[in-house]
Amino acid sequence: RVPEGPRCPWVALSLSQAGNVPVIFDEHHLSEVQNTASEEKLDRVVDSMKESKVALIGKIHTPMEYKGDLASYDMRLRRKLDLFANVVHVKSLPGYQTRHNNLDLVIIREQTEGEYSSLEHESAKGVIECLKIITRAKSQRIAKFAFDYATKKGRAKVTAVHKANIMKLGDGLFLQCCKEVAELYPKIKFDTMIIDNCCMQLVQNPYQFDVLVMPNLYGNIVDNLAAGLVGGAGVVPGESYSAEYAVFELGARHPFAQAVGRNIANPTAMLLSASNMLRHLNLEYHSNMVSDAVKKVIKGGKV
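Residues numbered from 1 in each chain as written. Predicted model: local features only at pLDDT ≥ 70, side-chain atom pairs only at ≥ 80, totals over all residues. Heavy atoms only, no water.

**Thoughts on the side chain of Ser117**
Applied cut-off: Numbered from the N terminus, helices here are DSSP runs of H or I no shorter than four residues, and strands are runs of E no shorter than two. The term polar contact refers here to a pair of N or O atoms within 3.5 Å; inside protein, the definition further demands a hydrogen-donor-capable atom paired with an acceptor-capable atom, and it admits residues adjacent in sequence only when both atoms are side-chain atoms. Contact between two residues is taken to exist if any of their heavy atoms lie within 4.5 Å; hydrogens are not considered.
Among the secondary structure elements, Ser117 is positioned in the loop between strand E3 (104-110) and strand E4 (120-124). Here Leu131 takes part through its backbone oxygen, which lies 2.6 Å from a polar atom of the side chain of Ser117. Once residues lying within four places of it in the same chain are set aside, the contact partners of Ser117 are Arg79, Leu131 and Ile133.

**Some words on the packing of aromatic side chains**
Two numbers describe a pair of aromatic rings. These are the distance of the centres and the angle of the planes. The following threshold applies: Pairing of aromatic rings covers Phe, Tyr and the six-membered ring of Trp, with a centre-to-centre limit of 6.5 Å; geometry is then stacked below 30 degrees between planes, edge-to-face above 60, and tilted otherwise. Accessibility here uses a 1.4 Å probe with only protein chains present; expressed as a share of the type maximum, an area under 20% marks a residue as buried, one over 50% as exposed, and anything in between as partly exposed. Whether a charge sits over a ring depends on NZ of Lys or CZ of Arg being within 6 Å of the ring centre and within 35 degrees of the ring normal.
Under the counting rule described, the total for this entry stands at five aromatic pairs. Summarising the aromatic geometry, the rings of Phe84 and Phe145 are spaced 5.9 Å apart at their centres and angled 85 degrees between planes, so their arrangement reads as edge-to-face. Of this pair, Phe84 sits in the loop between helix H3 (73-81) and strand E2 (85-91) while Phe145 sits in helix H4 (residues 136-152), placing them 61 residues apart in sequence. In terms of burial, Phe84 and Phe145 fall into one category: buried. Through successive ring pairs, a cluster of aromatic residues spans Phe84, Phe145, Tyr241 and Phe248. A cation sits over an aromatic face here: Arg141 above Phe84, 3.9 Å from the ring centre.

**What about the sheet that holds strand E7 (residues 189-194)?**
Where we set the bar: We call two strands paired when DSSP finds no fewer than two bridges between them. Axis angles are defined between N-to-C directions and span 0 to 180 degrees, where every axis is a line fitted to C-alpha atoms and, for a helix, only to the segment in contact.
Pairing within the open sheet is mixed, and its eight strands lie in the order E1-E10-E9-E2-E3-E8-E6-E7. On the outer flanks of this sheet lie strand E1 (54-56) and E7, each paired with one strand and no other. The average undirected angle you get between the axes of adjacent strands in this sheet is 20 degrees. Pairing of strand E9 (residues 237-241) with strand E10 (residues 246-250), which is carried by five bridges, proceeds in the antiparallel orientation. Within E10, the residue paired with Ser240 across the bridge is Val247. Against the sheet, helix H7 (residues 216-230) makes contact with E2, E3, strand E6 (157-162) and strand E8 (211-214), and its axis sits at roughly 160 degrees relative to E3, the strand it touches most. Helix H8 (residues 268-280) rests against E1, E9 and E10 of the sheet, and its axis sits at about 160 degrees to E10.

**Here we look at the packing of H4 against helix H5 (residues 170-182)**
Rules: Throughout this description, any angle smaller than 35 degrees is read as roughly parallel, any larger than 145 degrees as roughly antiparallel, any in the 65 to 115 degree range as roughly perpendicular, and the remainder as oblique. Helix crossings fall into two classes, left-handed where the near helix is turned counterclockwise from the far one by less than a right angle and right-handed where it is turned clockwise. Here the term charged refers only to Asp, Glu, Lys and Arg, the term nonpolar to Ala, Val, Leu, Ile, Met, Phe, Trp, Tyr, Cys and Pro, and the term polar to all other amino acids, Gly among them.
Packing of H4 against H5 brings their axes to within 8 Å, and their N-to-C directions diverge by 45 degrees. Taken together, the axis directions place H4 and H5 in an arrangement best described as oblique. Considering only the axes of H4 and H5, their crossing is right-handed. Residues Arg136, Ser139, Gln140, Ile142, Ala143, Lys144 and Phe147 of H4 lie in contact with H5, whose contacting residues are Leu173, Phe174, Cys177, Cys178, Glu180, Val181 and Ala182. Here the contact of H4 with H5 is composed, by residue class, of nine nonpolar, two polar and three charged.

**Description of the pairing of E7**
Within a regular strand, side chains alternate between the sheet's two faces. Just so we agree on the cut-off: By convention a crossover is right-handed if, when the strands point away from the viewer, the path from the first strand over the helix to the second runs clockwise.
Pairing between E6 and E7: six bridges, direction parallel. Bridge pairing in E7 places His162 opposite Ile194. With H5 bridging E6 and its parallel neighbour E7, the resulting β-α-β unit is right-handed.

**A look at the nonpolar core**
Heads up, the condition is: The nonpolar core is taken to be a set of buried Ala, Val, Leu, Ile, Met, Phe, Trp, Tyr and Cys residues, with the residues joined through side-chain atoms within 4.5 Å. For each domain, the first and last residues come from an automatic or database assignment.
The biggest cluster of nonpolar side chains holds 36 residues, and the ones touching the most others in it are Ile108, Val158 and Val213. Those elements giving two or more residues to this core turn out to be E2, E3, H4, E6, H5, E8, E10 and H8. By residue number, the principal contributor to this core is H4, which donates seven residues. Structurally, this core is a two-domain feature, drawing no fewer than three residues from each of domain 1 (1-103 + 236-302) and domain 2 (117-229). Among all residues touching Ile108, those that are not within four sequence positions of it are Asn86, Val87, Ile142, Phe145, Ala146, Tyr149, Val211, Leu212, Val213 and Met214. Listed in part, the 28 residues of the second largest apolar core include Cys199, Met214, Ala227 and Leu271.

Next up, the structure:
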């Protein structure tokens, strides 16, 4: 729901014009690159999302430089809405020439704690301590989400990805929580894999994977690795969930600054994210219309 006359983002505009989609967009500009980011703007975005429960967002770029606040706007948005589960469905698109074809796997990532806790400090000159936070409650929550997702989508296997051989307490707790939750879902096969081996296996034989669940940093890396298997960051949609909210976004979060002005940025991921949003809103016909159109163009080699 929206006040009259907002300027629609181009995806929203193409949806409403070409597809006559019955969705009204409330548009907000939040960008650390264009200097349109502030705590006040973030609060307005959060208020709007709390009202609608559903959002479609672009990439909120996070600058590399330290500007006095360790948590980026992206991270703050996730924390304010408790968007604990990030889901990236990596699926081959016929028409793109890639090394592996017919891929279909899902990466589920806990994204409110882990290495991205923004708890860093200089304990002595030239010595930085960066805290990785793993809790039983959030590990159990993401594990249950992964098994519920697998059950709902008819998936056969969940793989927990970890580094418990080195981080025995932190990743050890995450792994233990996954094992405990797995026992409650006897019909779904469960296995575990160390993160470095997982990356190699994804490149060599990605067909062995179905649903993968992992802590924050590993998920960030594996999302991008898997996106590369099916055509790159520009073709993989993603979504984030809390108990109340659903946010649809890019699967591999790249600003892709080097594409500016070169007419090579790929809108596929954003359009497929929009399609997934429509499906979430029970607009099945409109969702299929958007995704089928995108897939038809790619399969036909028109771009």
